[in-house]
Protein chains: 2
Amino acid sequence: MTFQAKPLRLATSDAGFDAALKARLHWSAETDSQVEDAVTKILADVRKRGDAAVLDYTHRFDGLSVVGMDQLELKPAELKAAFEGLPDKQRVALQFAAQRVRSYHEAQKKASGESWSYRDSDGSLLGQKVTPLDRVGIYVPGGKAAYPSSVLMNAIPAHVAGVGEIIMVVPTPRGEKNPLVLAAAHVAGVSRAFTVGGAQAVAALAYGTETVPRVDKITGPGNAYVASAKRRVFGQVGIDMIAGPSEILVLADGSTPAEWVAMDLFSQAEHDELAQSILLCPDPYYIDAVQGAIYRLLNEMPRAEIIAKSLNGRGALIHTRSMEEACEISNRIAPEHLEIASTEPHRWEPLLRHAGAIFLGGFTSESLGDYCAGPNHVLPTSTTARFSSPLGVYDFQKRSSIIEVSEAGANQLGVIAAELAYGEGLQAHARAAEMRLKK
Amino acid sequence: MTFQAKPLRLATSDAGFDAALKARLHWSAETDSQVEDAVTKILADVRKRGDAAVLDYTHRFDGLSVVGMDQLELKPAELKAAFEGLPDKQRVALQFAAQRVRSYHEAQKKASGESWSYRDSDGSLLGQKVTPLDRVGIYVPGGKAAYPSSVLMNAIPAHVAGVGEIIMVVPTPRGEKNPLVLAAAHVAGVSRAFTVGGAQAVAALAYGTETVPRVDKITGPGNAYVASAKRRVFGQVGIDMIAGPSEILVLADGSTPAEWVAMDLFSQAEHDELAQSILLCPDPYYIDAVQGAIYRLLNEMPRAEIIAKSLNGRGALIHTRSMEEACEISNRIAPEHLEIASTEPHRWEPLLRHAGAIFLGGFTSESLGDYCAGPNHVLPTSTTARFSSPLGVYDFQKRSSIIEVSEAGANQLGVIAAELAYGEGLQAHARAAEMRLKK
């Protein structure tokens, strides 16, 4: 069977371009009321019955018949054995990737995740203390979309932040364990791991059970049940973002081989039929060349069917008037992954305000970033790069303001605070400040 | 009418202390289905009908009969006039507070909010670009709980972050405008302001109308309708935390005048009957002294009734075995405001892992921090200090990863990425990496 892929061809000079682009970008995170109802029930049940409920749901949804939670725990020795049993090349690759990811996140912590303070002219101390979370939970999908790289990308920043305990949950439908996922947990320094998934796993982490410890934050991707459960436990625990379909946007000036760009568009499209791959380019002949490469390369790909559905349904090749205009449109899209396939990436980068990750120059394929360049591959999707950031060390830290007002400081600040507090009708606030004034 | 306040007295050595503390801390963010239904309808209506819907709801809920949205806009000249019309003392106090808050947040930006990058041994560039949000919305409550200080605390960090446009919304029931709130908007550098509130204001900011521009993030406190609306538009826009009742925890070694501590407990309690004030102290005689001060001072307070309800319903005076144990219990509570009323605050501070803000030493009353010490007064409540942080410049910035892989880097990383991508069954990822290897 052969497939054809022809992403929608648009030009910014077309009448109706804005509407056509908007329609192409449209993606709705519709909530399914059946999913919502099921999740409500599962959360309440796990909260009430703990381990017993987790065992029931794991039996029902994953077909695992076990009598006790200890049979659902992956012990450190099993993780280690999985790592040691990998083919040499995989083991080396996993360690190499982990080391790069660790180095990058260590630099991130140093650059923006340390405590700071200063003294003002009154001798008062002001600052912030940055501390790691005590315990976090990492959700790792099982089954067909089991990604060991995601284990590294979630667990390593937590580890670098100094999180005390990292609890991983991963469903193993019908008992199938993915050795690369187990090995990644070993390499990334996961503290404990359970073969539990779905809303029941999220509930166990959020509320705690007799066996699964309650965590302070849950990160990691999952299906609609997991996303719904995370949304509902938010507040009880912290969560990372709720991810939509993955996206790539390539800004091309025509200098990168068209096959490379075509393959980069494929690499996003192969994730999922709903994934979105967009090319922006001022050169129509180059766009033709990329379309030609898509035709030529598609049927070499084992996942050609998914790629074709994604490109035909959600892909776009957009002819812009200029690279400057391409940058403007990219800002409107606020893509998860943004490649600047140009010989002058540093000319365009300052114009790009919203993106999860920016890949500069033709050699920087998104796939290098996905696995081993170092930066995190958990990135904001669906235009949320307008206001949110890649997963990072900062997601596993929190800040406490530090305020130590000196006696002299209290004497000056007290007058001001009292004035404003009386203005707000909060007299106890005012009195508390006034009591500290010099008599 | 006189009031009595007697917070629950507990001792950690009591049998059943853990359960008693848990019961005292219990606060449930129950959602009210009537509120939820109303909010669903308002959001959909504003999304569909824009300005017309906003005008309808503002008429219905705030009693404002106006014919056009321009009548709901507070023009810069009106904000400036409000500022200039303030009594001298208030004007000076507002400016002084704004300057302190600005200095602190500038230090915060410098310490943890700047872009960074480095080159690895292959010449690849890795880092993060930190950019301000384009446009944010600030919700300011109107009516009885109108706090100008909150205008400063929300708008100034956004301004320091470099946000392009700051849109303020504030309800003015029956047309009553609070001059201090308007003046604060002038001082803090708000770009545009509308006298709109409730779920309709949140909807206007999240979706945009003909007049109100769509924003990227909404911050600021509000009532149950506002909180529900913020929760629902999350994803469409960013939001800050959803705040619960305010809390103070005082760790006292007995060295601070008991009246000061009593007044600090009052200053939290006067906010709201559901506010929570807790004292932890190893000295039972000092606890008696604080209780005595509560008796003596309560009826001097204009808000004595609220204070009494809050202290009687949710307050606690807890006798601990030691200051170390008090610190442990404080970590369990993860309070919003944490005062260390001690002559050795730096001895105890390192033991305190979870708190929104830590106030060191007897001179540092919470009220100084609320108004003018500099740090933000928007802080995580209801134990969420376990995983979240004070509002800050970082809430108005987002990060984009920067990755520029050199030709030599692509040659090394490509082998690793391909190995891992094949392991995950993502062949297009692998091919994209392999195409960049040297031939």
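Up top is the structure.
On a predicted model such as this, the values are computed, not experimentally measured, just so you know.

The rules behind each value
- Residues numbered from 1 in each chain as written.
- Chains lettered and ligands numbered in written order.
- Predicted model: local features only at pLDDT ≥ 70, side-chain atom pairs only at ≥ 80, totals over all residues.
- Heavy atoms only, no water.
- Pairing = 2+ DSSP bridges.
- Helix = DSSP H or I, 4+ residues; strand = E, 2+ residues; numbered from the N terminus.
- Axes fitted to C-alpha atoms, helices over the stretch in contact; angles between N-to-C directions.
- Contact = heavy atoms within 4.5 Å.
- Parallel < 35°, antiparallel > 145°, perpendicular 65-115°, else oblique.
- Left-handed = near helix turned anticlockwise from the far one by under 90°.
- Nonpolar A, V, L, I, M, F, W, Y, C, P; charged D, E, K, R; others polar.
- Disulfide = S-S within 2.5 Å.
- Buried < 20%, exposed > 50% of the residue type's maximum accessible area, 1.4 Å probe, protein only.

1. Section: the sheet that holds strand β11 (residues 276-281) of chain A
Reading across the sheet, the 9 strands line up as β1(A)-β12(A)-β11(A)-β10(A)-β13(A)-β14(A)-β15(B)-β4(B)-β3(B) and stay open at both edges, with mixed pairing between neighbours. Where the open sheet ends on each side, the last strands, each with one partner, are β1 (8-11) of chain A together with β3 (116-119) of chain B. Sheet twist, expressed as the average angle between the axes of neighbouring strands with direction ignored, equals 20°. When strand β13 (residues 337-341) of chain A meets strand β14 (residues 357-360) of chain A, the two strands line up parallel, connected through 4 bridges. Residue pairing across strands places His337 of chain A opposite Ala357 of chain A, the latter belonging to β14 of chain A. In the packing of helix α13 (residues 323-333) of chain A onto the sheet, the strands contacted are β10 (247-252), β11 and β13 of chain A, and the crossing angle to β10 of chain A comes to about 165°.

2. Remarks on the sheet that holds strand β6 (residues 165-169) of chain B
Residue and element names in this part refer to chain B. Ordered by their spatial adjacency, 6 strands build an open sheet running β2-β7-β6-β5-β8-β9, and the pairing between neighbours is mixed. Taken across any chain shown, the strands that pair with only one partner, and hence form the sheet edges, are β2 (73-74) and β9 (238-239). As paired strands, strand β8 (residues 217-219) and β9 are joined by 2 bridges and run parallel to one another. Residue pairing across strands places Lys217 opposite Gly238, the latter belonging to β9. Sheet strands in contact with helix α9 (residues 224-233) are β5 (135-139), β8 and β9, and its direction is about 155° off that of β8.

3. Here's the deal with the pairing of strand β12 (residues 316-319) of chain B
All names here are of chain B. Of the strand pairs in this sheet, strand β1 (residues 8-11) and β12 are connected by 4 bridges, and their pairing is parallel. Paired with Arg9 across the bridge in β12 is Leu317. Pairing of strand β11 (residues 276-281) with β12 involves 4 bridges; the strand directions are parallel. Bridge pairing in β12 links Cys281 to His319.

4. Looking at the packing of helix α8 (residues 198-207) of chain B against α9 of chain B
Residues and elements named next belong to chain B. Packing of α8 against α9 brings their axes to within 8 Å, and their N-to-C directions diverge by 25°. One element, α8, and the other, α9, form an angle in the roughly parallel class. As for how α8 packs across α9, the hand of that crossing is right-handed. Along the contact surface, α8 presents Gly198, Ala199, Val202, Ala206 and Tyr207, while α9 presents Tyr225, Val226, Ala229, Lys230 and Val233. Looking at the contact of α8 with α9 residue by residue, the classes come out as 8 nonpolar, 1 polar and 1 charged.

5. Thoughts on the state of the cysteines
Put plainly, two cysteines are in a disulfide when a covalent bond ties their sulfur atoms together. All names here are of chain A. If you walk through the whole model with that rule in mind, you get 0 disulfides over all chains. In this structure Cys281 is a free cysteine whose sulfur lies 12 Å from that of Cys327, the closest cysteine sulfur available. For Cys327, a relative accessible area of 1% corresponds to the buried category.

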